[in-house]
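Each chain, written out:
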Amino acid sequence: MTTSTKSPIRLLVWLTVALGVLPFALYYWQRASGALPSPEAWMAGGENHGPWRWELEGFALFYPMVILGAATIGHILWSLVGRRELSLAGKGAALVGLQLLLLYGQLQAIGWTID
């Protein structure tokens, strides 16, 4: 493997980690600063949707991981069909699994902020 074949998957790994952690960092920063109420306080206020609904922070929660997952799947298909590199496809499949776990964790832990 050359460096050029490793770099796309390496970039996808770094993006996965960064975009997987970003919503949690935003959440804890806003909770610590008092800008975001607790889930119980928000629900007690009778609001229908979370405080991040249609806010910039809300777009950091779901869409980046979905778009990144699609890009990773595209990379897997390109590796399989275009270059026939099974090892990169296997790494990409493992990365998609990690992305799905991070997305699930985001939605379970702080999904109330957009729902």
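Residues numbered from 1 in each chain as written. Predicted model: local features only at pLDDT ≥ 70, side-chain atom pairs only at ≥ 80, totals over all residues. Heavy atoms only, no water.

**Q** Can you tell me about the environment of Pro-23, naming the residues and giving the values?
**A** With respect to the element layout, Pro-23 can be found in helix α1 (residues 3-33). For Pro-23, a relative accessible area of 0% corresponds to the buried category. Along the backbone, Pro-23 and Leu-61 are 38 residues apart, and their C-alpha atoms lie at a distance of 5.4 Å. Those residues in contact with Pro-23, other than ones at most four positions away along the chain, are Trp-52, Ala-60, Leu-61, Gln-106 and Ile-110. (Helix = DSSP H or I, 4+ residues; strand = E, 2+ residues; numbered from the N terminus. Buried < 20%, exposed > 50% of the residue type's maximum accessible area, 1.4 Å probe, protein only. Contact = heavy atoms within 4.5 Å.)

**Q** Describe helix α4 (residues 86-110), with residues and values.
**A** The end-to-end C-alpha distance of α4, which contains 25 residues, comes to 36 Å, matching closely the 36 Å that a straight helix rising 1.5 Å per residue would cover. Here α4 has its buried residues at Leu-88, Ala-89, Gly-92, Leu-95, Val-96, Gln-99, Leu-103, Gln-106 and Ile-110. (Expected span 1.5 Å × (residues − 1).)

**Q** Let's hear about a nonpolar patch on the surface: which residues, and what values?
**A** There is a patch of nonpolar side chains on the surface, built from Trp-54, Phe-59, Phe-62, Tyr-63, Val-66, Ile-67 and Leu-107 and spanning about 700 Å² of accessible area. Take the nonpolar patch: its biggest share by element is 3 residues, from helix α3 (residues 63-82). Along the chain, Val-66 turns up in helix α3. Classification of Val-66 by relative accessible area gives partly exposed; the value is 37%. (Patch = residues over 30% accessible without salt bridge, like charges linked within 9 Å, V, L, I, M, F, W, Y side chains within 5 Å. Areas by Shrake-Rupley, 256 points an atom, 1.4 Å probe, with all protein chains shown as cover. Salt bridge = Lys/Arg side-chain N within 4 Å of Asp/Glu carboxyl O.)

**Q** Which residues make up the environment of Leu-77, and what are the values?
**A** With respect to the element layout, Leu-77 can be found in helix α3. For the pair Leu-77 and Ala-89, spaced 12 residues apart in the sequence, the C-alpha separation amounts to 7.4 Å.

**Q** So what about the side chain of Thr-72? Which residues, and what values?
**A** Considering the arrangement of structural elements, one finds Thr-72 in helix α3. Taking relative accessible area as the criterion, Thr-72 reaches 0% and is therefore assigned buried. Aside from chain neighbours lying at most four places away, what touches Thr-72 is Leu-12, Gly-92, Leu-95, Val-96 and Gln-99.

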